[in-house]
Amino acid sequence: MKDMLVRLIELPEVSELEKKLKEKEKIVFRRAIAPEKHLVCEWVMEQFGAYWQSEVDVAFSRQPVSCWIAQRGNQIIGFACYESTARNFFGPTGTLESERGKGIGKILLVKSLESLREMGYGYAIIGGVGPSEFYEKAVGAKLIDGSEVSVYQNLLRKS
């Protein structure tokens, strides 16, 4: 999997989509807070596995927490992290399969990228991308040539 580069200067506006999802779907987007660490980590472990759970755990060590969540009532339906595996990296991110296609992932992506921009970055790296078309369409991200060899190249795996 390759990495992607995204320009942070002119990110798309998502406030109208966020407002629509709040009114129609009762979805709230916000930065996670420390008392929820165990719940968010547990949910990510159940939905996406141990590697992403480890990265979420790191996101909770940042101040402010570098993890955004989407929730409906008391249920998490999506998350996005930044600066978990490496500085200026976006990811991991995921949305419940049953909730995909509504724009939840795009809002979480943009909020995370806005957070990176607020930290002073002009560009950000989306690491180890799966759905490159999503990132290209959502925020104009571009594949980085030669990035097949990345920070994940020697990742330990259970045998």
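Refer to the structure above for everything that follows.
These lines cover the structure that appears in this document, whether it is placed above or below. Note that the structure is predicted; figures quoted are calculated from it, not measured.

Before going further, it helps to examine the nonpolar core. A general feature of soluble globular proteins is that nonpolar side chains tend to end up buried together. Within the largest apolar cluster, 43 residues are counted, with the highest numbers of intra-cluster contacts made by Cys67, Leu113 and Val139. The greatest single-element share of this core, amounting to 7 residues, is contributed by helix α4 (residues 104–118). Filtering out sequence-adjacent residues up to four positions away, Val139 remains in contact with Val6, Leu11, Pro12, Leu109, Val110 and Leu113.

Judged by side-chain polarity, Tyr51, Trp52 and Leu155 come together as a nonpolar surface patch covering roughly 260 Å² of accessible area. Topologically, Leu155 is positioned in the segment after β7 (142–143).

Right, let's get into the pattern of salt bridges. Counting across every chain of the model gives 10 salt bridges. Across the pair Lys102 and Glu25 runs a salt bridge whose closest N-O atoms are separated by 3.1 Å. One end of the pair, Lys102, is in the loop between β5 (89–95) and α4; the other, Glu25, is in helix α1 (residues 15–25), with 77 residues separating them in the sequence. Lys102 sits in the partly exposed class, given a relative accessible area of 27%. The residue Arg87 makes a salt bridge to Glu83 at a minimum N-O spacing of 3.1 Å. In this structure Glu83 comes out as buried when scored by relative accessible area, which is 3%. Counted as one network, the salt bridges with shared partners bring together Glu25, Arg72, Glu99 and Lys102.

The strand order β2-β3-β4-β5-β6-β1-β7 describes an open sheet built from 7 strands, whose pairing is mixed. At either margin of the open sheet sits one strand with a lone partner, and together these are β2 (27–31) and β7. Lying on the sheet, α1 is in contact with β2 and β3 (67–72); it crosses β2 at an angle near 130°. Along the sheet, helix α2 (residues 37–48) contacts β3, β4 (75–82) and β5; its crossing angle with β4, the most-contacted strand, is approximately 95°.

This part covers the environment of Glu55. By the secondary structure assignment, Glu55 is in helix α3 (residues 50–59). With 68 residues separating them in the primary sequence, Glu55 and Tyr123 have C-alpha atoms 21 Å apart. Contacts of Glu55, omitting those with residues within four sequence positions, involve Ser84, Thr85, Pro92 and Tyr152. Only 2.3 Å separates the side chain of Glu55 from the side chain of Thr85, close enough to count as a polar contact.

Scoring rules and cut-offs
- Residues numbered from 1 in each chain as written.
- Predicted model: local features only at pLDDT ≥ 70, side-chain atom pairs only at ≥ 80, totals over all residues.
- Heavy atoms only, no water.
- Core = buried A, V, L, I, M, F, W, Y, C linked by side-chain atoms within 4.5 Å.
- Buried < 20%, exposed > 50% of the residue type's maximum accessible area, 1.4 Å probe, protein only.
- Helix = DSSP H or I, 4+ residues; strand = E, 2+ residues; numbered from the N terminus.
- Contact = heavy atoms within 4.5 Å.
- Patch = residues over 30% accessible without salt bridge, like charges linked within 9 Å, V, L, I, M, F, W, Y side chains within 5 Å.
- Areas by Shrake-Rupley, 256 points an atom, 1.4 Å probe, with all protein chains shown as cover.
- Salt bridge = Lys/Arg side-chain N within 4 Å of Asp/Glu carboxyl O.
- Pairing = 2+ DSSP bridges.
- Axes fitted to C-alpha atoms, helices over the stretch in contact; angles between N-to-C directions.
- Polar contact = N/O pair within 3.5 Å; in protein donor to acceptor, adjacent residues only side chain to side chain.

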